[in-house]
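# Remarks on the overall topology
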Amino acid sequence: MDSTGRFLLSLVTAATFLQVRSTVTVIGLYGETIEVPCNNGAAKPEDLIFTKWKYKMDDGTSGDLLVKQAHKEKAQIQAMDGYKDRVTIAANSSLMIQGGSLVDQRTFTCMVVYGSNLDEHPVDVLVHKKPLPPQIKDKAKELENGKLTSLGVCTAADANPAAVIMWSKNGKLLVADGKTIIITPSVKMDPSTGLSTTTSGLQYTAVKSDVGAKFTCTAKHSLETQVSAPETFIIHYPTEKLSLQVLAKAPIREGDNVTLKCNADGNPPPTSFYFSIKGQKVTVKDSDTFTLTAVTRNSTGDYKCSLVDDDKMEASEKVVVSYLDLSLSPTGKVLKMVRDTLLVKMEQDASGDAKVSWTKDNRKLDEMPRFDNVTYADAGFYVCEVSVAGIKRSQSFQLVVEGTPVIKKMTEHHSEDGRHKVLTCEAEGVPRPSVQWSVNGTNEENSYINGKATHKITVVPTGNLTITCIATNKLGNHFMALNVSSLIKDEKIPGKAAALVGLFYWLYIMKSRRGTWKTGEKEAGTSEESKKLEECKAKV
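Keep in mind the model is a prediction, meaning the values are calculated, not measured.

Attention now moves to the sheet that holds strand β3 (residues 34-36). The sheet built from three strands is open, its strands ordered β3-β8-β7 with antiparallel pairing. In the strand order of this sheet, the two ends are held by β3 and β7 (87-89), each with one partner. Taking the axes of each pair of neighbouring strands and ignoring which way they run, one obtains an average angle of 25 degrees across the sheet. Pairing between β7 and strand β8 (residues 95-97): three bridges, direction antiparallel. When the bridges of β8 are listed, Ile89 appears paired with Leu95.

Another aspect to go through is the pairing of strand β14 (residues 164-169). Bridging between β14 and strand β18 (residues 215-220) involves six bridges; their strand directions are antiparallel. Bridge pairing in β18 places Lys169 opposite Phe215. When β14 meets strand β15 (residues 172-173), the two strands line up antiparallel, connected through two bridges. The residue bridging Lys169 from the neighbouring strand is Lys172, located in β15. Taking the residues between adjacent antiparallel strands as the criterion, β14 and β15 are bridged by two residues, where Asn170 takes a positive phi near 55 degrees.

A few words on the pattern of salt bridges. Overall, the coordinates contain 21 salt bridges when judged by the stated rule. Lys130 is paired through a salt bridge with Glu224; the nearest N and O atoms lie 2.7 Å apart. Residue Lys130 is located in the loop between β10 (117-128) and β11 (135-137), and its partner Glu224 is located in the loop between β18 and β19 (225-227); the two are separated by 94 residues in the primary sequence. With relative accessibility at 38%, the residue Lys130 sits in the partly exposed group. With a relative accessible area of 32%, Glu224 lands in the partly exposed category. Linking Asp288 and Lys261 is a salt bridge whose minimum nitrogen-to-oxygen distance equals 2.7 Å. Of this pair, Asp288 sits in the loop between β24 (280-285) and β25 (289-292) while Lys261 is found in strand β22 (residues 258-264), placing the two residues 27 residues apart along the sequence. Connected through shared salt-bridge partners, Glu254, Arg297, Asp325 and Asp349 make up one network.

Thresholds applied
- Residues numbered from 1 in each chain as written.
- Predicted model: local features only at pLDDT ≥ 70, side-chain atom pairs only at ≥ 80, totals over all residues.
- Heavy atoms only, no water.
- Pairing = 2+ DSSP bridges.
- Helix = DSSP H or I, 4+ residues; strand = E, 2+ residues; numbered from the N terminus.
- Axes fitted to C-alpha atoms, helices over the stretch in contact; angles between N-to-C directions.
- Salt bridge = Lys/Arg side-chain N within 4 Å of Asp/Glu carboxyl O.
- Buried < 20%, exposed > 50% of the residue type's maximum accessible area, 1.4 Å probe, protein only.

In structure tokens:
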């Protein structure tokens, strides 16, 4: 104690009453400023003379730190050791210790002198430090099913007090049983800092279900509880089951490549397998697949795989190859004459129940077409489509129906204004027949639909007429006569009208076959034509 301290104490010793208060405890943080309160932070007495801080040294004796007189602004530092540059006094008389460390874990006493009283307020200081984040070290490369193995060591370093370590799997606490789970904790103190490092070793007996399990260790401390990063481990276990997988886009069709994959549930998985291909055993090394290239319908069947070191453990799978054959008769372009017969025959061979559909000119038909008596309306593009399990086949034919022209009817009716007559000639024939009349007309109208040609003309008959319509194509011709009455007065057709029609017809035929023909000229022709022509002339 210096001379000032002795002097102050001498002033109060004779007439003061000493009172030692009960000890309180405060906790400071390692490395930070520790505040040690005086009289639990109570207000200073009004007749305060001075405040003094002292501490209990390592040898048990008391050491002075500082003294602060009530009438002075600054405190007098009395410490001569490591506290000399680390201690100050706050306005509320608290002792401030900078850079707290474990050497500060001791008893500090605040001496308050006021009036005729001297109070001592002892304070026990504890210094806490949370550990560094826990880490799992010395981790096992893999764990073996059913075998006790050192999984790793968890470390929680540099703490005060020492941390307590606990192990968990998938968030559930692991409890040591001395057989399948063994936990070995230990604590080591650093002599230079006094901080403690806790370690905990875990020996663990893995099971198959531990695949993907997350192991963690937790460091429990008064300041904070911390959890390590999760760790997963490779679990080794033997194969217990095989499965055979068919890798191909469904449905499997002829020409496809099909890969067979043998899956084993062991870890690590086997590297070699037997594949049974249509009864023949094939060994595959360093792979778990076998590829069937360009499969056919004959490839359908059961396939197997097994372990090389245990061929009794096997798996099987059925491979079904879908196929579809279609035969259609006829195909391509088919030419038929009207009223002919056409036989359509379709045959199909499929791996399952096939669906058959027919269309004509892109319109769906209810059934396969039959042609017992071909008509012009039957002409069109026919498609037969057959499908089964994702496979489609189609074949087609184009039916063309031809026939010599046949005039079905001739009609006449008055025009709307009543000044004309409209003549209509309807003829069937393919190729399209050309239509000619024995009279000239106006306002001609033509149409040709489904082998039917319709030709209209407008005439102004001033007398009764017999008008002829002739339809012609490359296959032949046909004519028909119509008696057309005068717009002025209907009269009966003269008896020679039919003969005139016949004459006109034969004139037309001969003209179309041999060129221009003039009455009175003799040209070479068939005897039949000449005979019929003479008959017509005689009737006229």
